[in-house]
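Working through the structure, step by step
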Amino acid sequence: IITAAINTNTTQTYVAVGELTVNKSVDKLYATVGDNIAYTVLVKNTGSVNATNINFKDLIPQSTSFNTGTVAIDGIPQPTFNPNTGFALSDLIPNQYHTITFSIHVDLLPQSEKVENTADITFTYKLTPTDNPVTITTHSNTVTTLIKIGILTATKLVDKAYATIGDTLNYTINIVNSGNANCFD
């Protein structure tokens, strides 16, 4: 039996990964019909390779509408951009990020009584310059705003169908709130 120890050279393998982290926030937890809701989306390259051909898309929820001209990327207004149809973002090197902001308008009370929203980012990366490109879609977290509204219905009743001069009429007014918020003043 021969016992021997063999020392070899050390090798390193570079592990490359294409990854974007998408974090979405909303300015209101509660809103009502007629309010504007503002969104902020942070798109950060948390991978180890460049993210290219980046496309941002954010479908506008039902019962709301996009406020035209409110998109800004990294603080720079982009008045012709619309998140509902999507738009391109510039490439990101590792640890670089984009901040996208825009707002929507609450047009109607949604059936679910809430507005939920998520952004989607599609991008391409290559592990090495000679590799084929890989395309990935990353989704943000979902943000929720509860929509509160008071819906008042008033009904007026009188105690007599016919009256003559000198009669006293007594009226009863019933007010019913069929909404999901308290009404006052």
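Our subject is the structure listed above.
Here we summarise the structure given alongside this text. Quick caveat, the model's predicted, so the values are computed rather than measured.

As a further point, take the overall build of the protein chain. Scanning the protein chain from terminus to terminus reveals zero helices and 15 strands. Projected onto the principal axes, the alpha-carbon positions of the protein chain cover approximately 125 × 50 × 25 Å. Looking at the protein chain residue by residue over its 185 residues, the buried ones come to 28%. If you take every contact in the protein chain between residues at least 6 apart in sequence, the share linking residues at least 24 apart comes to 71%.

The strands that make up a sheet are held in pairs by hydrogen bonds between backbone atoms, and each pair lies either parallel or antiparallel. Here three strands make up an open sheet; going across it, the order is E2-E13-E10 and the pairing mixed. Taken across any chain shown, the strands that pair with only one partner, and hence form the sheet edges, are strand E2 (30–31) and strand E10 (114–117). Where E10 meets strand E13 (residues 143–147), four bridges bridge the pair, whose relative direction is antiparallel. When the bridges of E13 are listed, Val-115 appears paired with Thr-145.

On to the packing of aromatic side chains, then. As enumerated under the stated definition, the model contains six aromatic pairs in all. Judged by centre distance (5.5 Å) and plane angle (50°), the rings of Tyr-39 and Phe-102 are tilted. Here Tyr-39, found in strand E3 (residues 36–45), pairs with Phe-102, found in strand E9 (residues 97–106); they are 63 residues apart in sequence, far enough to count as distant. Ring centres of Phe-56 and Phe-102 lie 6.5 Å apart, and the angle between their planes is 75°; this geometry places the pair in the edge-to-face category. Of the two residues, Phe-56 is situated in strand E4 (residues 52–57) and Phe-102 in strand E9; the sequence distance between them amounts to 46 residues. In this pair, the class of Phe-56 matches that of Phe-102, namely buried. Here a set of aromatic residues connected by ring pairs shows up, and it is made of Tyr-39, Phe-56, Phe-66, Phe-81, Phe-87 and Phe-102. The ring of Tyr-39 has Lys-24 lying over it, and the distance from NZ or CZ to the ring centre is 4.3 Å. A cation over an aromatic ring shows up here: Lys-156 above the ring of Tyr-171, its NZ or CZ 4.7 Å from the ring centre.

Conventions and cut-offs
Residues numbered from 1 in each chain as written. Predicted model: local features only at pLDDT ≥ 70, side-chain atom pairs only at ≥ 80, totals over all residues. Heavy atoms only, no water. Helix = DSSP H or I, 4+ residues; strand = E, 2+ residues; numbered from the N terminus. Buried < 20%, exposed > 50% of the residue type's maximum accessible area, 1.4 Å probe, protein only. Contact = heavy atoms within 4.5 Å. Pairing = 2+ DSSP bridges. Phe/Tyr/Trp six-rings, centres within 6.5 Å; stacked < 30°, edge-to-face > 60°. Lys NZ or Arg CZ within 6 Å of the ring centre and 35° of its normal.

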